[in-house]
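# Overview (structure and organization)
Now for the letters of each chain:
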Amino acid sequence: MPMGAESRRRPTIREVAQAAGVSHQTVSRYIRFGGAGMKTGTRERIGAAIEELGYRPNLTARAMRTHRTGRLAALLPAGSAASSLRMLGGATTAAHASGYHLEVVTLDRTAGPRSERVNELADSRQFEGLLSFTPLLPDTGASSAPAVPVVVAADYDSEMRALGALADASPVAELIERLAEDGHRCFLHVAGDRTHASARGREQVYLETIDRLGLRSAGVAGADWSPESARQAVLGLPSGTDVTAVIAANDLLAAGAVRGAIERGWRVPEDLSVTGWDNNPVAAWLPPTLTTVDMDYEALGRRALNRLVSVLRGTEVTEPAGPVTRVFWRGSTAAARPTVR
């Protein structure tokens, strides 16, 4: 044996077990599930033995032997969306709680190559399961199931635009209903980019709610996500307008609407109530603070990951699928009252 070879030899799981006074199966469970469910003393002894011996699991050997890697993959199209970071945070937390490591893999924006790549990943068995946050072709994963499950949450399209639960616009109705109770009768909607399902959904719910409640709309303005479009929409309202509330498709648009109101000499919320969407952190610090809609992206990511784990383990999903949106009523909205403009 070459000099120094002994000192470079990797300690084995059986040596860790011997040092901790437990079986190697117990050490394996500790590594697999992070010590969850074990007695405190047992968990501490195993952790100390691993640290003292410098033990590192041989993931390649374990995968070849058991076909289990402890790794899951979250699949996203190339691009960026701030909400995706929060969803991945929730998914990562759920993965760790279930004894898995979650890795992110970006996919091609074209459906065919994207689905082919997913099949390649499934066949490679680098991961125990795949969670796709973007739609795939119907037969994706068929060749590898059930050995490597592919669960599709489909929260983003190929351009990282929101789909499904992320595009749920129902809180717009809650905003208008509450403002109507407070005496508002004429509204303006500043829309987002209509290539986004979320923008189209918010516009549709706005129009449906106005019609259902017998209210009046001064129209739908904007159609992009720029604050300037909202500023111009408010500045473009005719003198003597009856509009007392603006429903903006996101917080940036709401900020632009507030700016336009100030430039017209209107007070927010005394002369004009303004609502946004996204609960941007700055929304709680603006003067006035902004009424907005918050979406629990972490919960969506956690639920999606738990669906994958339930498939892997053949168990039922235990987390209830309750609402993930919440309206934060703040200082930018108030009861309508007659004003002189």
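One can find the structure itself at the top, above this paragraph.
Description of the structure in this document. Nothing here was measured: the structure is a model prediction, and the numbers come from that model. (Residues numbered from 1 in each chain as written. Predicted model: local features only at pLDDT ≥ 70, side-chain atom pairs only at ≥ 80, totals over all residues. Heavy atoms only, no water.)

Take the pattern of salt bridges next. Should the charged atoms of two oppositely charged side chains come close, the side chains can pair. Counted by the stated rule, this structure contains 11 salt bridges. One salt bridge in this structure joins glutamate 103 and arginine 71, with 2.7 Å as the shortest N-O distance. Of this pair, glutamate 103 sits in strand S2 (residues 101–107) while arginine 71 sits in strand S1 (residues 71–77), and the two are 32 residues apart along the sequence. Accessibility expressed as a relative area gives 30% for glutamate 103, which makes it partly exposed. Judged by relative accessible area, arginine 71 falls into the partly exposed class, the value being 21%. One salt bridge in this structure joins glutamate 263 and arginine 231, with 2.8 Å as the shortest N-O distance. Of this pair, glutamate 263 sits in helix H11 (residues 251–263) while arginine 231 sits in helix H10 (residues 227–235); the two residues are 32 residues apart in sequence, bridging distant segments of the chain. (Salt bridge = Lys/Arg side-chain N within 4 Å of Asp/Glu carboxyl O. Helix = DSSP H or I, 4+ residues; strand = E, 2+ residues; numbered from the N terminus. Buried < 20%, exposed > 50% of the residue type's maximum accessible area, 1.4 Å probe, protein only.)

Let us look at the packing of helix H2 (residues 13–20) against helix H4 (residues 40–53). Contact geometry for H2 and H4: axes closest at 8 Å, N-to-C directions at 125°. Between H2 and H4, the crossing angle belongs to the class labelled oblique. Here the hand of the crossing between H2 and H4 comes out right-handed. In this structure, H2 uses Glu15, Val16, Ala19 and Ala20 to contact H4, whose residues at the interface are Arg45, Ile46, Ala49, Ile50 and Leu53. Taken together, the residues of the contact of H2 with H4 sort by class into 7 nonpolar, no polar and 2 charged. (Axes fitted to C-alpha atoms, helices over the stretch in contact; angles between N-to-C directions. Parallel < 35°, antiparallel > 145°, perpendicular 65-115°, else oblique. Left-handed = near helix turned anticlockwise from the far one by under 90°. Contact = heavy atoms within 4.5 Å. Nonpolar A, V, L, I, M, F, W, Y, C, P; charged D, E, K, R; others polar.)

A word on the environment of glycine 70. Looking at the secondary structure, you find glycine 70 in the loop between helix H5 (59–66) and S1. Assessed through its relative accessible area of 5%, glycine 70 is described here as buried. In this structure, the C-alpha to C-alpha distance between glycine 70 and glycine 99, residues 29 residues apart in sequence, is 7.2 Å.

A few words now on the sheet that holds strand S6 (residues 216–222). Here 4 strands make up an open sheet; going across it, the order is S6-S5-S7-S8 and the pairing parallel. Of all strands in the sheet, those with a lone pairing partner are S6 and strand S8 (273–275), marking the two edges. Neighbour-to-neighbour, the strand axes of the sheet open up by a mean angle of 15°, direction not taken into account. Pairing geometry for strand S5 (residues 186–191) and S6, over 5 bridges, is parallel. Residue pairing in the sheet places histidine 189 in a bridge with valine 220 of S6. This element, helix H8 (residues 171–181), spans S5, strand S7 (245–248) and S8 of the sheet and lies at about 170° to S7. Sitting on the sheet, H10 touches S5, S6 and S7, and the angle it makes with S5 is about 155°. (Pairing = 2+ DSSP bridges.)

Here the focus is H2. Every α-helix winds through 3.6 residues per turn, so residues three or four apart in the chain are directed the same way. Val16, Ala17 and Ala20 are the residues of H2 that are buried. For H2, the angular spread of the buried residues around the axis is 100°, confining them to a single face. Looking at H2, the residues exposed on the side facing more than 90 degrees away from the buried face are Arg14, Gln18 and Ala19. A positive backbone phi angle near 75° is found at glycine 21, which sits one or two residues after H2. (Arc of directions from axis to C-beta.)

What follows covers the sheet that holds S2. Sheet architecture is open: 4 strands sit in the order S2-S1-S3-S4, paired in parallel fashion. The open sheet has two edge strands with one neighbour each: S2 and strand S4 (150–152). Recorded for the sheet is a direction-independent mean angle of 25° between the axes of neighbouring strands. The pairing of strand S3 (residues 129–132) with S4 spans 3 bridges and is classified as parallel. Bridge pairing in S4 places leucine 131 opposite valine 151.

Right, let's get into unusual backbone geometry. In this model, valine 268 is joined to proline 269 through a cis peptide bond whose omega is 15°. With respect to the helices, strands and loops of the structure, proline 269 is situated in the loop between H11 and S8. Cis geometry marks the peptide bond from proline 287 to proline 288; its omega dihedral reads 5°. Residue alanine 223 is not a glycine yet carries a positive backbone phi of 100°. If you trace the backbone, alanine 223 turns up in the loop between S6 and H10. Looking at alanine 223, the relative accessible area reads 27%, which means it is partly exposed.

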